Amino acid sequence: MNIYEAISMISLGLSLALIPLIILVWKRINRVHRLLGVALKLKEPQALEKIGRIRKRYIVFSVVSEGKPLTRKAIEEGIRRAFKELYGETILVRADPQIVYYEPSVKRGVIRVAHLYKDQMIALLGSIKNIDDTKVLIIPVKTTGTIKKARKILYMMRRELQI
Amino acid sequence: MKGEFIDLCIEKIDEPMAKLLVLMGYKAAAVLEYEEKTGRIDKLFIIRCKLLRSRKESSLRKALRGIKGEYPIVLVEPMDIQSARFAGRDSRIDGILIGEASLRVIDRAQISLMKQYSKPLILPMKIFYNMDSRRKAMVYRRIAYAYDRGVNIIPVSYASEIYDILIPQSITKLLEHYFGINNRYWLYMLTSGVGEILVKNGVRV
């Protein structure tokens, strides 16, 4: 046995002896990683509730009013004020009602709201009696999922609804 | 749901209002200020209705004498206990109205009596909208108790102008939010619930 053979034998023996140690260390690291992951996973839902995708609903409405015609801005402000009064600011922030289209000549429009608050919005529209000291009646006609369909309904609506 | 709803108490009605009611799916309305016993305005069937506000049982008895010949629908807003109890028992009266003045009178005993005689509780929305939150809370407690006991609660508009009328889709949802009662119940009350009262009084719509 020459010197080279002796070195290679020693290194082989050492590497075989180190294998269980390497496995042990690898297991330890894995365990720590797993524990950390579990801890993170447990923390996540507590910190932030899953919101999910916020979908929109488009409510086609018709306005019956007396006197001067109401502007889009006035109607939107009136609706937001009434919404805040009835359901509070937190729900108003989540629902975020916006008038996306309003035609003053025919007194019809489309209001956009978060899908979770569609029912609240329909309930509210019927209860609004006054905007800017003008008596009004807002009639929710139809709810759709797209603005395209809402506009289609808006133009298909019968003229008789205008008083 | 077109042409199914009935409003049991409207103060005044004119042609544009009747037209809008028909468009919103109403088939009939009971009106306080109407000349004939029954009639029609633009496809809307009109029934004459009387609302009695009583402070004394004797005056209520007097007012009710021969009333059914002229008014098919009779509603009472009692302002004292005796007249409330009398109204709860009398078969000529079709419903007891819960307003500002009758809030204190409609108690648990009154609701139990109404349950016994199948008398509905009438909720005028025009008056309810104008109440402050404290009064609304009082109405809520009475409505919750009446619902729990199985007394019918009928929402009416009590409208005097076009802006006061009830939009069925909105009102059922609004009442669901206010009182926590399913909107199907309110839908039933606005259609079949009122229809039963009309049938009982021999009115064919």
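Quick caveat, the model's predicted, so the values are computed rather than measured.

What counts as what
All residue numbers refer to position in the chain's written sequence, counted from 1. To label them, take the chains in the order written and letter them from A, then take the ligands in the order written and number them from 1. Given that the model is predicted, a residue must reach a pLDDT of at least 70 before its local features are reported, and side-chain atom pairs must reach 80 or more before they are shown or counted; all residues, however, enter totals for whole chains, interfaces and linings. To get the side-chain values, take all heavy atoms of the structure and skip hydrogens and water. Each helix corresponds to a stretch of at least 4 residues labelled H or I by DSSP, and each strand to a stretch of at least 2 residues labelled E; elements are numbered beginning at the N terminus. By definition in these notes, contact holds between two residues if any of their heavy atoms fall within 4.5 Å. Method for areas: the Shrake-Rupley scheme with a 1.4 Å probe, in which residue coverage is limited to the protein chains shown. Atoms considered for the radius of gyration are the C-alpha atoms alone. The globule rule reads 2.2 Å times the number of residues to the power 0.38. All tallies of charge rest on Lys and Arg as positive and Asp and Glu as negative; His and the ends of each chain are not included. Lysine's charge is taken at NZ, arginine's at CZ, aspartate's at CG and glutamate's at CD. Should DSSP find at least two bridges between two strands, the strands are taken to pair. Axis geometry follows a simple rule: fit a line to the C-alpha atoms, using only the stretch in contact for helices, then measure angles between N-to-C directions, giving values from 0 to 180 degrees. Each residue gets one of three labels from its accessible area relative to the maximum for its type: buried under 20%, exposed over 50%, partly exposed in between, using a 1.4 Å probe on protein chains only. Each of two parts loses accessible area, computed with a 1.4 Å probe, when they are put together; buried area is these two losses added. Salt bridges are counted wherever a side-chain nitrogen of Lys or Arg sits within 4 Å of a carboxyl oxygen of Asp or Glu. Any pair of N or O atoms that falls within 3.5 Å is considered a polar contact. Within protein, one atom must be able to donate a hydrogen and the other to accept it, and sequence-neighbouring residues count only if both atoms are side-chain atoms. Planes of paired rings set the category: under 30 degrees apart is stacked, over 60 is edge-to-face and the rest tilted, where pairs are Phe, Tyr or Trp rings (Trp by its six-membered ring) whose centres lie within 6.5 Å. The definition of a nonpolar core used throughout is a set of buried Ala, Val, Leu, Ile, Met, Phe, Trp, Tyr and Cys residues joined through side-chain atoms within 4.5 Å.

A. Representation of the overall build of chain A. Within chain A, the regular secondary structure consists of five helices and five strands. Secondary structure elements of chain A occur, N-terminal to C-terminal, as α-β-α-α-β-β-α-β-β-α. Sequence separation of at least 24 residues holds for 71% of the intrachain contacts in chain A that already meet a minimum separation of 6. When the accessible surface of chain A is summed, it comes to about 11300 Å², and 60% of that surface belongs to carbon and sulfur atoms.

B. View of the overall build of chain B. The helix and strand tally for chain B stands at eight helices and eight strands. The C-alpha radius of gyration computed for chain B amounts to 16 Å, which stays within 12% of the reference 17 Å derived for 205 residues, consistent with globular compactness. Counting only C-alpha atoms, chain B reaches 40 × 40 × 25 Å along its principal axes. Summarising the internal contacts of chain B: among those between residues at least 6 apart in sequence, 59% fall at separations of at least 24. As displayed, chain B has an accessible area near 9000 Å², and 44% of this comes from carbon and sulfur atoms. Positive and negative charge centroids in chain B, built from 34 and 23 side chains respectively, lie 6 Å apart.

C. Layout of the sheet that holds strand β4 (residues 130–131) of chain A. Residues and elements named next belong to chain A. Read from one edge of the open sheet, five strands run β2-β3-β1-β5-β4, paired in antiparallel fashion. Each edge of the sheet is formed by a strand with only one pairing partner; in this case those strands are β2 (98–103) and β4. Where β4 and strand β5 (residues 134–144) come together, two bridges link them in antiparallel fashion. Bridge pairing in β5 links Ile-131 to Thr-134. Helix α5 (residues 147–156) rests against β1 (56–65), β2, β3 (108–114) and β5 of the sheet, and its axis sits at about 25 degrees to β1.

D. Molecular detail of the pairing of strand β3 (residues 38–41) of chain B. All names here are of chain B. Because side chains alternate across β3, one face comprises the buried residues Gly-39 and Ile-41, and the other comprises Thr-38 and Arg-40, none of which is buried. Across four bridges, the pairing between β3 and strand β4 (residues 44–54) is antiparallel. Across the sheet, residue Thr-38 finds its bridge partner in β4, namely Ile-47. Hairpin remark: β3 followed by β4, antiparallel, with two residues in the connecting loop; positive phi at Asp-42, about 45 degrees.

E. Examining the environment of Gly-202 of chain B more closely. Residue and element names in this part refer to chain B. Residue placement: Gly-202 occurs in the segment after α8 (183–200). In this structure Gly-202 comes out as exposed when scored by relative accessible area, which is 64%. With 19 residues separating them along the chain, Gly-202 and Asn-183 place their C-alpha atoms 28 Å apart.

F. The interface of chain A and chain B, seen in detail. Every contact between the two is made by 22 residues of chain A and, on the other side, 17 residues of chain B. A buried area of about 1800 Å², summed over both sides, lies between chain A and chain B, and 72% of it is on carbon and sulfur atoms. The partner of Glu-161 of chain B in a salt bridge is Lys-135 of chain A, and the shortest N-O contact between them spans 2.4 Å. Put simply, chain A and chain B have five residue pairs in polar contact (both at pLDDT 80 or more) between them. Of all elements in the fold, only β1, α2 (72–87), α4 (118–127) and β5 of chain A reach the threshold of two or more residues within the side of chain A that touches chain B.

G. Molecular detail of the packing of aromatic side chains. Under the counting rule described, the total for this entry stands at ten aromatic pairs over all chains. Ring geometry for Phe-61 of chain A and Tyr-102 of chain A: centres 6.1 Å apart, planes at 10 degrees, overall stacked. Here Phe-61 of chain A is found in strand β1, whereas its partner Tyr-102 of chain A is found in strand β2, with 41 residues between them in sequence. Look at Phe-128 of chain B and Tyr-178 of chain B: their rings are 5.1 Å apart centre to centre, the planes differ by 85 degrees, and that puts the pair in the edge-to-face class. Pair noted here: Phe-128 of chain B is in helix α5 (residues 125–130) and Tyr-178 of chain B is in helix α7 (residues 168–179), with a separation of 50 residues, a long-range link. For Phe-128 of chain B, a relative accessible area of 1% translates into the label buried.

H. Layout of the nonpolar core. Among the nonpolar cores identified, the biggest contains 111 residues, and Ile-79 and Met-121 of chain A together with Ile-13, Ile-73, Leu-123, Ile-143 and Phe-179 of chain B are the most heavily contacted of them. Residues Val-60, Tyr-101, Ala-150 and Ile-153 of chain A belong to the second largest nonpolar core, which totals nine residues.

I. Region of the structure containing unusual backbone geometry. Despite not being glycine, Asp-132 of chain A has its phi angle at roughly 50 degrees, a positive value. For Asp-132 of chain A, a relative accessible area of 42% puts it in the partly exposed group. If you check the backbone angles, Lys-43 of chain B has positive phi at about 70 degrees while not being a glycine. Of note, Lys-43 of chain B is situated in the loop between β3 and β4.

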